[in-house]
Amino acid sequence: MSCSGGLTDACPLGLAGESSTLMLTLLNTLLAAKCSFPGPEAFPKNVATTLQDGDRYDMIVVGAGSSGAVVANRLSENPHWKVLLLEAGGYPNSDTQIPNLYFGVHGTDKNWLYVLEKVNTSCKGYVNGQCNWIGGKLLGGTSTTNTMLYVRGFAQDYDGWANSGNKGWSWAEVMPYFLKSENVTWEKYFNNPFHSRGGLLTTSYQRSDFNVRNILIEAAKEMGYPIINDYEHLGLLETLMTVQDGRRESTAFAFLSEIKTRPNLHIATDAHVGKVVFDRHRRVKGITVRIQNKTLNIHTKGEVIISGGAIQSPQLLLNSGIGPKSHLKDFEVRNIVNLPGVGENLQDHLATFLLLVQLDGAAEAGLKSRLDSTYQYYTTNTGHYTSVGVTNLVYFLNTKNRSAEFPNLQIHFMEYRMNDDFLLPNMLTGMGFSQKAGKIVMDANKDSVLFTLALTLLYPDSRGKVQLGSKDPYANPKVFSGYLTDMTEADIDILLDGVRFAQKMLNTTIFQKFNGKFIRYPTISCDGHEYDSDDFWRCYFRDYCGGIYHPAGTCKMGPKSDPEAVVDERLRVYGVKGLRVADCSIMPKIVGGNTLAPAVMIGEKVADMIKEDWNVQRDALPKYTGRY
Ligand SMILES: Cc1cc2nc3c(=O)[nH]c(=O)nc-3n(C[C@H](O)[C@H](O)[C@H](O)COP(=O)(O)OP(=O)(O)OC[C@H]3O[C@@H](n4cnc5c(N)ncnc54)[C@H](O)[C@@H]3O)c2cc1C
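Note that this is a predicted model, so its numbers are computed, not measured. (Residues numbered from 1 in each chain as written. Predicted model: local features only at pLDDT ≥ 70, side-chain atom pairs only at ≥ 80, totals over all residues.)

K.L.:
Honestly, the overall build of the protein chain in this entry has me stumped. Any pointers?
P.N.:
The helix and strand tally for the protein chain stands at 17 helices and 28 strands. Computed over its C-alpha atoms, the radius of gyration of the protein chain comes to 25 Å, within 12% of the 25 Å expected for a compact globule of 628 residues. Projecting the C-alpha coordinates of the protein chain onto the three principal axes gives extents of approximately 70 × 70 × 50 Å. Split into buried and exposed, the 628 residues of the protein chain put 50% on the buried side. By sequence separation, contacts in the protein chain at least 24 residues apart represent 73% of the contacts at least 6 residues apart. (Helix = DSSP H or I, 4+ residues; strand = E, 2+ residues; numbered from the N terminus. Rg over C-alpha atoms; globule rule 2.2 N^0.38 Å. Buried ≥ 20, exposed ≤ 12 C-beta atoms within 10 Å, placed from the backbone. Contact = placed C-beta atoms within 7 Å.)

See the structure below:
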């Protein structure tokens, strides 16, 4: 890297002397740091343009995301299997690797953007009354574009899956797969039965440098809530993050760059799979994929594993003729298996992402300027840019019974420095917040630190669905979030409890010191209610709730007796042979925590089951000796 004449021209005093040498050394150091971010060469080579119509693989994995990258890695451990991994998006870049830039990636081609169908039960305060959902469209999938909290959910979640007829999925049985992947680097979890070292996915401790962190911890103590470890259930938790040496640890880095020269794994990027193809015995034959406007048929001797995520996996099944007969008829898709559950049972962790708190400017004390933070990041891989803005502090609460064993509400916090010209505007537009309300928030941010209080329903009763929206297999499907359609209003009750909890928190001594208060902005339908009455908030949630992008459940795992089940306990699609689904879509019920760690576990487990079914050698699993 060298300075060209351009810099000399721009420097009227010239570039001679010791001071200039220092300056050039500094610039070189920064440029070298920027160039140290790996590009496509860090991953397996893209074979997309060399694929031929009729090529044959032993195993085909669709979607190189949070689960799919794991599946491809583990299956290709068997040198006798030729494995093809197909991904609709491209490669990660330095923007996706610097944790703090993650919001900037959201409006780009590295994300799928789904505009949810308009309903009158939720999202009324967003542009056109519609919420947006995003999800990663590149190697690593959403693990390359998410906020990187590493949380597994609770024993009751997996025991619940097992108790509803899914043998092998209890907490004790899935824990070895969590342990298999993990390489924990936070000392406090060394020698802890709940964590392990030496796996491919690094989890680490990233402490936020915002003062909000200390304020939250002090307030929790004043309110009598404990600071907990991640194997405990109720209190304020500092989570692990999927970050390694200050850079994002996506499943692409953890599971694909590790094996970039493995000869029996082929990866094709910008390769959008349109459908799965079957022979007349309903055995999988292969897939059709669109690469640079050409459609190719790729065959398999073994299996196809769909890991397209909870929106695209059901869409791919529907495109392939697997789903509710009458719905497929509407789109002239030949029905191969009448499976009414495909696309149903959609769940997401509904949240009040737009509930913003204002703290006076003093709350910013000690925070480095953006320029200093940038310098620190590029020279040492530490500091502000290693975190996403969402703090790694989350509350797990049971709002109905403080001494219950498990929570019903999680609270996420996202921090914005004073006059934030990056995260805040990107968040407001990315989420589709109305311009009028957005302006009030931006004005409040001029002299105040802000943070978002995302009251997050862990177990929403409401359900949505994914359906085909057109005959074009490559067009986005229709997504109905189902937010707050539950007629008992149980979901809303818990959110209301959450607001009251937040108000108690804002009344603690430490929050009062910084004049902590909610920002008020106009609502679409609630201004007729007295501000802060229960009715006001009930209405407010319907205007301003959105999701935190954890879609799950649309290819539900369940026993044959379950009319909504799409896959069995070995994740095989009912009614056909040689096809499995492995990603968040298989969750019968969404877990009570963030969904990346479970997606990785699902990838590990399905790969092991496939090897077992084909009598291929498997590694011994770590033993889980914990009791939590
Ligand atoms: C903004 C955001 C923040 C989040 N924060 C967190 C967090 O902090 N912690 C956490 O645990 N979870 C978080 N999540 C959720 C979590 O990341 C996801 O639930 C999880 O990564 C989903 O994994 P998956 O394997 O089901 O799907 P994905 O990781 O989305 O993988 C699907 C892959 O399949 C590809 N694909 C889809 N269809 C096709 C096709 N037809 N042909 C070829 N390829 C296809 C996609 O491009 C993608 O790469 C967040 C999500 C978002 C969007």
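K.L.:
Whenever I open this one, helix 13 (residues 435-444) confuses me. Can you help?
P.N.:
Each turn of an α-helix holds 3.6 residues, which means side chains three or four residues apart point in the same direction. Listed as buried for helix 13 are A437, G438 and V441. When helix 13 is viewed along its axis, its buried side chains cluster within an angular range of 100° and face the same direction. Facing away from the buried surface of helix 13 by more than 90 degrees, the exposed residues are Q435, K436 and D443. Buried residues along helix 13 sit in contact with strand 20 (356-360) and helix 12 (423-431). (Arc of directions from axis to C-beta.)

K.L.:
I tried to follow the pairing of strand 16 (residues 294-306) on my own but got confused; where do I start?
P.N.:
Working note: regular strand, side chains alternate between the two faces of the sheet. Two elements, strand 1 (residues 56-62) and strand 16, share six bridges in a ladder whose sense is parallel. Across the sheet, residue V61 finds its bridge partner in strand 16, namely I305. Pairing between strand 15 (residues 284-291) and strand 16: six bridges, direction antiparallel. Bridge pairing links I287 to I298 in strand 16. In this structure, the hairpin formed by strand 15 and strand 16 is closed by a connection of two residues, where Q292 is found at a positive phi of approximately 45°. The pairing of strand 16 with strand 28 (residues 579-581) spans three bridges and is parallel. Across the sheet, the residue bridging to I305 is R580, located in strand 28. (Pairing = 2+ DSSP bridges.)

K.L.:
Got a minute to help me understand unusual backbone geometry in this structure?
P.N.:
Negative phi characterises most residues that are not glycine, and trans characterises most peptide bonds. Positive phi is not limited to glycine here, since E332 has a value of about 55°. Note on placement: E332 falls in the loop between helix 10 (325-330) and strand 18 (337-338). Phi angles above zero are rare outside glycine, and N381 is one such case at about 60°. Within the element layout of this structure, N381 appears in the loop between helix 11 (370-380) and strand 21 (390-397).

K.L.:
Would you take a moment to explain the site of the ligand for this structure?
P.N.:
Taken together, 41 residues surround the ligand, and among them G63, G65, G141, N594 and L596 come closest. Those elements that place two or more of their residues in the shell around the ligand are strand 4 (132-136), strand 14 (271-278), helix 9 (309-319) and helix 17 (596-613). For the shell around the ligand, the element with the highest residue contribution is helix 9, accounting for four residues. Residues belonging to the shell around the ligand are distributed by class as follows: 16 nonpolar, 22 polar and three charged. (Near = placed C-beta within 6 Å. Nonpolar A, V, L, I, M, F, W, Y, C, P; charged D, E, K, R; others polar.)

K.L.:
What is the right way to look at the environment of T452 in this model?
P.N.:
Note on placement: T452 falls in strand 23 (residues 448-457). Residues T452 and K436, 16 residues apart in the sequence, show an inter-C-alpha distance of 18 Å. Here T452 is in contact with F353, L355, L356, F413 and M414, once residues within four sequence places are set aside.

K.L.:
Looking at this model, I keep getting lost on the confidence of the model for the protein chain. Mind explaining?
P.N.:
Should the pLDDT be low somewhere, the predicted coordinates at that spot are not to be read in detail. Of all residues in the protein chain, 98% have pLDDT values of 70 or greater, and the mean over the chain is 93. Note on residues 1-5: pLDDT is under 50 here. Beyond four places in sequence and across chains, it has six contacts. (pLDDT = per-residue confidence, 0-100.)

K.L.:
Is there a simple way to think about the packing of helix 3 (residues 68-75) against helix 17 in this case?
P.N.:
When two helices pack together, their arrangement is given by the angle between their axes and by how far apart the axes lie. Axis separation between helix 3 and helix 17 bottoms out at 8 Å; the angle between their running directions is 30°. Taken together, the axes of helix 3 and helix 17 lie roughly parallel to each other. Once helix 3 is placed against helix 17, the crossing between them reads as right-handed. Facing helix 3, whose interface residues are G68, V70, V71, R74 and L75, helix 17 presents V600, G603, E604, V606, A607 and I610. A class-by-class count of the residues in the contact of helix 3 with helix 17 yields seven nonpolar, two polar and two charged. (Axes fitted to C-alpha atoms, helices over the stretch in contact; angles between N-to-C directions. Parallel < 35°, antiparallel > 145°, perpendicular 65-115°, else oblique. Left-handed = near helix turned anticlockwise from the far one by under 90°.)

K.L.:
Is there a simple way to think about the environment of Q97 in this case?
P.N.:
Considering the arrangement of structural elements, one finds Q97 in helix 4 (residues 94-97). On the basis of neighbour count, Q97 is assigned to the buried category, with 20 C-beta atoms found within 10 Å. Placed 156 residues apart in sequence, Q97 and F253 show a C-alpha to C-alpha distance of 9.8 Å. Discounting chain neighbours no more than four positions away, the residues touching Q97 are F37, P92, R247 and R248.

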